[in-house]
Amino acid sequence: MGKENKKTFIAFFDLLGVKSTAEYDFKLYFNYINRFQSHLQDLVKGHNEVEIYAFSDCAYLESESLSSLLQILRDLRRVLFLERIYFNAAVTEGSLNATKKSGEKIDFTLFKSASTVKVFSLQVNFTGIGIFIDEHIKKYMKGNLKKLLIESAYCVNFEPKGISTFNKFLDVKFIEVSNQLLKYLIEQYLSTMTLNVKASRYYLSAINTLINQVDFDDLGEFIDEIYSLFYKDTFATAFLPIDLMFINAIYNGFREKHEGQINLLDEYNNFSDISRVLDKVIKKSYLVKGIVDLRLQSDCLISKDNKHLLANYLSIYKG
């Protein structure tokens, strides 16, 4: 594939945490690989224009149809999530220019394209769970395809008791948004933290994508369930990124619903629907348990405008 007169798109993805499984349970590792490859084979049926080069727990994909490429990745994420298997992927413009050489004891696949290195680098540097969309291909995503995109953030350096750093990225929306999935991701985030702090950061991108997809009118119900189940003072600082994600989604959702700006002075007294939802987060958040310098918190989690709104709200918060 990758003909000069046709636009092509490529993706690379890797299952997360699967290789380490082999160290203590090879049977489980083999089951992960087998299920992954089986699902991938099923999902590409009907997408004859998509080329796949899968090996072990990862794969390269190429297609002239960006829509087909994203549909396969989106569907694969859904079915693997049901089996609690996660991956991170990157998608960009380019070709793999793949050639194969096979013999009695040889089976080589050679990718003769710089694009292969680019998409691999994008994936490796993406420390999250999700589908990283290269900014350069946004121009090809129009109509219904554009509606699949959603802004999110992934954690670069994670400091549960300090200041973590995040980067923005474009993810592809989940097919289904449920509090059950969000609860599971947060549970995995917190439990993984007790074993491997560095690994736990990967869950934050998927959590952020899901929260950003929740409709404003449903946020209160989501927040009630999440905080009643998981919030503990011992996790207060580790929960702060999630607090900020919810608060950012509340402000953004309110603006979208009311098609306007939020007046700083009237926010608390006149907008009871937003203050009611905000209180659900803030009353348990570390924001009212310690001093948090909002300027140091990542703009990827909560925008500058929303930081100003939150600072004002906290100054008049009645508890």
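Source: prediction; values computed, not measured. (Residues numbered from 1 in each chain as written. Predicted model: local features only at pLDDT ≥ 70, side-chain atom pairs only at ≥ 80, totals over all residues. Heavy atoms only, no water.)

Looking at where Arg201 falls in the secondary structure, it is placed in the loop between α6 (197-200) and α7 (202-213). In this structure, Arg201 is buried with no salt-bridge partner, the nearest side chain bearing the opposite charge being Glu159 at 9.5 Å. At 2.3 Å, the side chain of Arg201 and the backbone oxygen of Val156 are in polar contact. The residues contacting Arg201, other than those within four sequence positions of it, are Thr127, Cys155, Val156, Asn157 and Phe158. (Helix = DSSP H or I, 4+ residues; strand = E, 2+ residues; numbered from the N terminus. Buried < 20%, exposed > 50% of the residue type's maximum accessible area, 1.4 Å probe, protein only. Lys, Arg positive; Asp, Glu negative; His and termini not counted. Salt bridge = Lys/Arg side-chain N within 4 Å of Asp/Glu carboxyl O. Polar contact = N/O pair within 3.5 Å; in protein donor to acceptor, adjacent residues only side chain to side chain. Contact = heavy atoms within 4.5 Å.)

Here we take up the pattern of salt bridges. With the rule as written, the count across this model stands at 12 salt bridges. Its salt-bridge partner being Lys138, residue Glu135 comes within 3.7 Å of it at the nearest N-O pair. Residue classification places Glu135 among the partly exposed residues on the basis of a relative accessible area of 49%. With a closest N to O distance of 3.0 Å, Lys280 and Asp224 form a salt bridge. One end of the pair, Lys280, is in helix α11 (residues 272-282); the other, Asp224, is in helix α8 (residues 216-230), with 56 residues separating them in the sequence.

Taken together, Asp215, Asp218, Glu221, Glu256 and Glu259 make up a surface patch of like negative charges. Mapped onto the elements of the fold, Glu221 is located in helix α8. Looking at Glu221, the relative accessible area reads 52%, which means it is exposed. (Patch = residues over 30% accessible without salt bridge, like charges linked within 9 Å, V, L, I, M, F, W, Y side chains within 5 Å. Areas by Shrake-Rupley, 256 points an atom, 1.4 Å probe, with all protein chains shown as cover. Charge placed at Lys NZ, Arg CZ, Asp CG, Glu CD.)

Ranked by size, the top nonpolar core spans 60 residues in total, and within it Tyr189, Ile207 and Phe246 carry the most contacts. Of all the secondary-structure elements, those providing two or more residues to this core are β8 (149-157), α5 (179-193), α7, α8, α9 (236-258), α11 and α12 (304-315). The biggest single contributor to this core is α9, with 13 residues. Counting 36 residues, the second largest nonpolar core, distinct from the first, contains Val50, Leu70, Ile72 and Leu149. (Core = buried A, V, L, I, M, F, W, Y, C linked by side-chain atoms within 4.5 Å.)

Our focus in this paragraph is helix α3 (residues 66-82). Between its first and last C-alpha atoms α3 spans 25 Å; for 17 residues at 1.5 Å apiece the expected length is 24 Å, and the two agree. When you tally the buried positions in α3, you get 13 out of 17 residues, the bulk of the element. Remark: Arg84 follows α3 within two positions and exhibits a positive phi of approximately 60°. (Expected span 1.5 Å × (residues − 1).)

Moving on, we come to α12. Think of an α-helix as 3.6 residues a turn; residues three or four steps apart then line up on the same face. In this model α12 runs 17 Å from its N-terminal to its C-terminal C-alpha over 12 residues, within 8% of the 16 Å that 1.5 Å per residue would give. Among the residues of α12, Asn306, Lys307, Leu309, Leu310 and Tyr313 are the ones counted as buried. Within α12, the buried residues cover an arc of 165° as seen down the axis, which keeps them to one side. Summarising the geometry of α12, the exposed residues directed more than 90 degrees from the buried face are Lys304, Asp305, His308 and Ser315. (Arc of directions from axis to C-beta.)

The next subject is unusual backbone geometry. Of note, Arg84 is a non-glycine position whose phi angle comes to about 60°, a positive value. Within the secondary structure layout, Arg84 lies in the loop between α3 and β4 (87-93). Notably, Asn97 is not glycine yet its phi reads approximately 50°, a positive angle. By the secondary structure assignment, Asn97 is in the loop between β4 and β5 (98-102). We classify Asn97 as partly exposed; its relative accessible area is 34%.

One can describe the packing of helix α2 (residues 26-43) onto α3 by two numbers: an axis separation of 10 Å at closest approach and a directional angle of 140°. Regarding the angle of α2 to α3, the classification is oblique. Of the two possible hands of crossing, α2 and α3 adopt the one that is right-handed. Taking contact as the criterion, the partners of Phe36, His39, Leu40 and Leu43 in α2 are, on α3, Ile72, Asp75, Leu76, Val79 and Leu80. Of the residues contributing to the contact of α2 with α3, the split by class is seven nonpolar, one polar and one charged. (Axes fitted to C-alpha atoms, helices over the stretch in contact; angles between N-to-C directions. Parallel < 35°, antiparallel > 145°, perpendicular 65-115°, else oblique. Left-handed = near helix turned anticlockwise from the far one by under 90°. Nonpolar A, V, L, I, M, F, W, Y, C, P; charged D, E, K, R; others polar.)

Right, let's get into the pairing of strand β7 (residues 130-133). Neither face of β7 is exposed, since Gly130 and Phe132 on one face and Ile131 and Ile133 on the opposite face are all buried. Taken together, the four bridges between β4 and β7 define a ladder with parallel strand orientation. Within β7, the position partnered with Val91 by the bridge is Ile133. (Pairing = 2+ DSSP bridges.)

Attention now goes to the confidence of the model for the chain. Averaged over every residue, the pLDDT of the chain is 89; the share at 70 or more is 94%. Within the chain, β7 carries the highest mean pLDDT (98), whereas helix α10 (residues 267-270) carries the lowest (48). (pLDDT = per-residue confidence, 0-100.)

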